[in-house]
Amino acid sequence: MAELIRLEVVTPEKFVVSEDVEIVMAPGSLGQFGVLPDHTPFLTSLKIGSIHYRDAKSKPHVVFVSGGFAEVLPDRVTILAESAERRRDIDIDRARAALERAQKRLAADKADNINFERARIALYRAMERIKAFEAARN
Ligand code: ATP
């Protein structure tokens, strides 16, 4: 049997993933990174985006994360995210509504830097949720 690594994706609300996996790809702040067993330890912040992993049967999975931190150890990847959903748990209508709301705010609030920035990040979250939902089914 191939060597596996433990993947934990945790939010303040729940464990989203707790599984032995073959490989993990995650959206690091300095760029996308991949982790196989025996990886050198490191710590990084994460961007809004998708975690892709292959489970012990090589089946691909996608999990949306709204930023956070990843700790990589030789036998474990722990991801602490502000929010995260497996692809199948993404409410696509809610994400599309959030996208529309953010677009309207960006059009209306151009003079207000704080609201503009919040709307820009909300827009990015919604776009990345939609992208994760539209990734190959898992
Ligand atoms: P919204 O404006 O729709 O609340 P948001 O990007 O502001 O979206 P977050 O702050 O990232 O939402 O998340 C708040 C909580 O709602 C988290 O528990 C997150 O997992 C959940 N959540 C947000 N959007 C979705 C979605 N489209 N599908 C499933 N869960 C979602």
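What you are looking at is a predicted structure, and each value in this text was computed from that prediction instead of being measured.

Observations regarding helix α1 (residues 92-108)
Right, so step 1: Look at α1: 24 Å from first C-alpha to last across 17 residues, which is about the 24 Å you get at 1.5 Å a residue.
Right, so step 2: Ile92, Ala95, Ala98, Leu99, Ala102 and Leu106 are the residues of α1 that are buried. Seen end-on, α1 carries its buried residues on one side only, within an arc spanning 120 degrees. For α1, the exposed residues set more than 90 degrees away from the buried face come down to Asp93, Arg94, Lys104, Ala107 and Ala108.

Observations concerning the site of the ligand
Right, so step 1: Contacts to the ligand come from 13 residues, most closely from Glu85, Asp91, Arg94, Arg101 and Arg125.
Right, so step 2: In this structure, an oxygen atom belonging to the ligand sits 3.0 Å away from a side-chain N or O atom of Glu13.
Right, so step 3: A distance of 2.5 Å separates an oxygen atom of the ligand from a polar side-chain atom of Arg125.
Right, so step 4: In isolation the ligand exposes 590 Å². Once the protein is present, 72% of that is buried.
Right, so step 5: Among the secondary structure elements, those contributing two or more residues to the shell around the ligand are β7 (84-86), α1 and α2 (113-134).
Right, so step 6: Sort the elements by how many residues they give to the shell around the ligand and α1 lands first, with four residues.
Right, so step 7: For the shell around the ligand, the class distribution of residues is four nonpolar, one polar and eight charged.

Overview of the pattern of salt bridges
Pairs may arise between side chains of opposite charge once their charged atoms sit close together.
Right, so step 1: Under the counting rule described, the total for this entry stands at nine salt bridges.
Right, so step 2: A salt bridge links Arg6 to Glu8, with the shortest nitrogen-to-oxygen separation between them at 3.6 Å.
Right, so step 3: Relative accessible area serves as the criterion here: at 24%, Arg6 is assigned to the partly exposed category.
Right, so step 4: The shortest N-O distance in the salt bridge between Glu100 and Lys104 comes to 3.6 Å. Taken together, the residues Glu100 and Lys104, both in helix α1 and four residues apart, mark about one turn of the helix.
Right, so step 5: We classify Lys104 as exposed; its relative accessible area is 55%.

Describing the nonpolar core
Right, so step 1: Membership of the largest hydrophobic core comes to 21 residues, with the highest contact counts inside it found for Leu7, Val9, Val24, Ile51 and Ile79.
Right, so step 2: At the level of elements, β1 (5-10), β2 (15-28), β3 (31-35), β4 (42-55), β5 (60-73) and β6 (76-81) are the ones that each hand at least two residues to this core.
Right, so step 3: In terms of residues, this core owes the most to one element, β2, which gives five residues.
Right, so step 4: If near-sequence neighbours (up to four positions away) are discounted, Leu7 is found in contact with Val17, Ser18, Glu19, Val21, Val24, Tyr53, Val77 and Ile79.
Right, so step 5: Ranked by size, the runner-up nonpolar core spans ten residues in total, among them Ile92, Leu99, Leu123 and Ala126.

Quick notes on the environment of Tyr124
Right, so step 1: Examined against the element boundaries, Tyr124 turns out to sit in helix α2.
Right, so step 2: Separated by 35 residues in the primary sequence, Tyr124 and Asp89 have C-alpha atoms spaced 19 Å apart.

With respect to the domain arrangement of the chain
Many descriptions give the size of an interface as the accessible area lost when the pieces come together.
Right, so step 1: Each assigned domain of the chain is listed with its residue range as follows: domain 1 (5-87) and domain 2 (90-137).
Right, so step 2: Look at where the C-alpha atoms of domain 1 and domain 2 centre, and you get two points 23 Å apart.
Right, so step 3: Each side of the interface is counted separately: domain 1 has ten residues, and domain 2 has eleven residues.
Right, so step 4: With both chains or domains summed, domain 1 and domain 2 bury close to 1,000 Å², and 57% of this area falls on carbon and sulfur atoms.
Right, so step 5: Considering only the surface of domain 1 that becomes buried against domain 2, Ile48, Phe64 and Arg87 emerge as the three largest contributors, covering 64% of it.
Right, so step 6: Inspection of the domain 1/domain 2 interface yields one salt bridge.
Right, so step 7: Between domain 1 and domain 2 we count six residue pairs in polar contact (both at pLDDT 80 or more) in total.

Cut-offs and rules
Residues numbered from 1 in each chain as written. Predicted model: local features only at pLDDT ≥ 70, side-chain atom pairs only at ≥ 80, totals over all residues. Heavy atoms only, no water. Helix = DSSP H or I, 4+ residues; strand = E, 2+ residues; numbered from the N terminus. Expected span 1.5 Å × (residues − 1). Buried < 20%, exposed > 50% of the residue type's maximum accessible area, 1.4 Å probe, protein only. Arc of directions from axis to C-beta. Near = heavy atom within 4 Å. Polar contact = N/O pair within 3.5 Å; in protein donor to acceptor, adjacent residues only side chain to side chain. Areas by Shrake-Rupley, 256 points an atom, 1.4 Å probe, with all protein chains shown as cover. Nonpolar A, V, L, I, M, F, W, Y, C, P; charged D, E, K, R; others polar. Salt bridge = Lys/Arg side-chain N within 4 Å of Asp/Glu carboxyl O. Core = buried A, V, L, I, M, F, W, Y, C linked by side-chain atoms within 4.5 Å. Contact = heavy atoms within 4.5 Å. Domains from an automatic or database assignment. Buried area = accessible area lost by both parts, 1.4 Å probe.

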